[in-house]
Structure formats: structure tokens, C-alpha cells
Amino acid sequence: MSSTDKPETITGGCVCASVRYTVTFPPDHDFANSCTTCQCEQCRKNTGSLIFRSHRLPKSAVEYTANSTLKVYSATPHCERGFCTNCGSFLFWQRDNRDYTCLTVGCFDGPALERYGPLLTAAKRHLFCEREVPGVTDHLAGERFAQDDE
Ligand SMILES: [Zn+2]
Ligand SMILES: [Zn+2]
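Residues numbered from 1 in each chain as written. Chains lettered and ligands numbered in written order. Predicted model: local features only at pLDDT ≥ 70, side-chain atom pairs only at ≥ 80, totals over all residues. Heavy atoms only, no water.

The name an unreviewed UniProt entry gives the protein chain is CENP-V/GFA domain-containing protein, with Trichoderma harzianum CBS 226.95 as the organism. Entered under Sequence similarities (unreviewed entry) in the UniProt record, the comment concerning the protein chain runs "Belongs to the Gfa family." (UniProt positions renumbered as here; feature names shortened; annotations may be inferred.)

So this is what it looks like as C-alpha cells:
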């Protein structure tokens, strides 16, 4: 992979494929700074994982080609967590009053991850580090935020 080899589009979706999307990256998309981890308790419980990664994109960059089972849940006001009501996949979180969405990188399709893994998933920004599990999840290198980065 050369340094100029960047995806123009990728696809993704939930486990049962009732929710499918295509991402079209803006020409000036900042791959290096768009992926974050989050260790807040909501993300942990939502994913069942201690560390969760998402990739931030303009909402307009994501086109849902199938969404019959897509539902959002708000654990806190203005923060929506998108999931499939059939298989339970956690697809994104976003604020209802912002123009970006944060897609769960684990829902990107395998070929995109295999070809562009570092561009899509290398997280240099880490959210809710105040909730790190000492000795287990406090090893992340990069910019660390006690809570959100907003
Ligand atoms: Zn599903
Ligand atoms: Zn979180």
C-alpha cells in the first residue's frame, strides 16, 4: 500500500446484513485524526468490549442502502447509538445536533479493513480515559482526553 492509496468508498453493515451502508469519503477527509477509542461505560456496555473504536465522518458521507432494522437509542440526551434490532450490532454513535457520525470500525466490511486497516482504524485520540482499567486499558499511546474531546 502506498501512502497515496486511500479508499474513495467502503461498505459496511451489521451481522445479519439488514443494515448496510456505503461510505463515500470527502476528498479532504482527515484519515489520520478521525479514529478514536472510547472507554466510557456506555460504549463498553454497548459493545461488550473494554476498548471501542469509531471513525468520524460527516453524516452526509454515509448512505444507508438497507436500514429496515436500524434503530437509535439515547442513553444520554442528544447522543444517539445506532443498532440493528434483529442482530444487535452496534453501528454508530452520533449527536443529533452535529453534522458528524462516528461509525464503529468493526462494522466495516472485511476487505476494506484488510486493505486500508491503518487508515481506517489507527486511533491516536482516546476518549474517556478517566474510565481506564488500570493495568489493562491504560496503555494507549496518543492524545488522551479525560472525557469527550468537545
Ligand atoms: Zn442486523
Ligand atoms: Zn463512549
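A. Here's a closer look at the UniProt feature "domain: CENP-V/GFA" (unreviewed entry) in the protein chain. Look at the UniProt record and you will see "domain: CENP-V/GFA" (unreviewed entry) annotated at residues 10-117. As a span, residues 10-117 carries 14% helix and 47% strand, and end to end its C-alpha atoms are 12 Å apart. (Helix = DSSP H or I, 4+ residues; strand = E, 2+ residues; numbered from the N terminus.)

B. Local environment of the coordination of the zinc ion (ligand 1). Around the zinc ion (ligand 1), the protein contributes the donor atoms C14 (SG), C16 (SG), C84 (SG) and C87 (SG), which lie 2.3 to 2.4 Å from the metal centre. Around the zinc ion (ligand 1) sit four donor atoms; with metal-centred angles ranging over 107 to 114 degrees, the donor geometry is tetrahedral. On the primary sequence, the residues serving as donors to the zinc ion (ligand 1) are separated as C-x1-C-x67-C-x2-C. You can see C16 sitting in the loop between β1 (9-13) and β2 (19-24) and its partner C84 sitting in strand β7 (residues 79-84), a full 68 residues away along the chain. Here C16 falls in the partly exposed class, since its relative accessible area comes to 30%. C84 sits in the buried class, given a relative accessible area of 1%. (Donors = N, O, S within 2.8 Å, 3.2 Å for Na, K, Ca; no water. Tetrahedral: all angles 85-135°; square planar, octahedral: opposite > 155°, others 65-115°. Buried < 20%, exposed > 50% of the residue type's maximum accessible area, 1.4 Å probe, protein only.)

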